[in-house]
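Observations on the three-dimensional arrangement
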Amino acid sequence: MTFDEVERGVYFAVYGGPSWIANPPASQGPRPFSSGQMAQVELGVDLGERLSLGVFFMGSANTAGSDYIGYSQGAASGDFTMLVPGAVLRARLVGFADSQEVKRTWIYARAGAGYAMFSPKKLLPDSDILVFAGPGVEYYTRLRHFSVGLEVTGNYLASKGAFGFAVAPNIRYAF
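These figures come from a predicted structure and were not determined experimentally.

**Describing the overall build of the chain**
Looking only at helices and strands, one finds zero helices and eight strands in the chain. Ordering the α and β elements of the chain from the N terminus gives β-β-β-β-β-β-β-β. For the chain, the spread of C-alpha atoms along the three principal axes comes to 65 × 25 × 20 Å. The proportion of buried residues among the 175 residues of the chain is 43%. Partitioning the contacts of the chain with sequence separation of at least 6, the portion at a separation of at least 24 is 61%. For the chain, the accessible area works out to roughly 8,400 Å², and carbon and sulfur atoms hold 68% of it. For the chain, the centre of its 14 positive side-chain charges and the centre of its 14 negative side-chain charges are spaced 2 Å apart.

Have a look at this one:
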């Protein structure tokens, strides 16, 4: 029996790291630069060596000072969270072979969209569409099923006009 050096197929991935929103959604008042953390889980399938499709669930917690009132007209202020289910596409663009001629290191582009729900509702009552895209690098370990990576994504909340970015180290397991 021969085993593949890099396992592909159905996969489970976990992402996490810092995120920032340059201009959080608001109807009036200041829109301060907001930092926070994000975590994401993804379930997907590899379509050959270069493409992957998946679904994800992402959560983020963003800090915003007491002067940030969002859409609350002053009834609420401060920090907010975001929960986003959605879909994602990854395209591996360039692969680099190791000493055994196995392409273990890949540079990729990843793009996705999801339905963003905010909390507290008093601060940000309406949902939005989150779109994101960015480059990353992924290394398939010699443990066959595992890969580790790092990506930087630009984020945009479509109807609110808020943009930001995230830096996400990740680990992936292919079944």
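Next, the rest of the story.
**What about the sheet that holds strand β3 (residues 51-62)?**
Pairing is antiparallel around the closed barrel formed by eight strands, whose spatial order is β1-β2-β3-β4-β5-β6-β7-β8. The mean inter-strand angle of the sheet, taken between neighbouring strand axes irrespective of direction, is 25°. Note: strand β5 (residues 103-119) against strand β6 (residues 128-140), twelve bridges, orientation antiparallel. When the sheet's bridge partners are listed, Arg 110 is paired in β6 with Gly 134.

Conventions used here
Residues numbered from 1 in each chain as written. Predicted model: local features only at pLDDT ≥ 70, side-chain atom pairs only at ≥ 80, totals over all residues. Heavy atoms only, no water. Helix = DSSP H or I, 4+ residues; strand = E, 2+ residues; numbered from the N terminus. Buried < 20%, exposed > 50% of the residue type's maximum accessible area, 1.4 Å probe, protein only. Contact = heavy atoms within 4.5 Å. Areas by Shrake-Rupley, 256 points an atom, 1.4 Å probe, with all protein chains shown as cover. Lys, Arg positive; Asp, Glu negative; His and termini not counted. Charge placed at Lys NZ, Arg CZ, Asp CG, Glu CD. Pairing = 2+ DSSP bridges. Axes fitted to C-alpha atoms, helices over the stretch in contact; angles between N-to-C directions.

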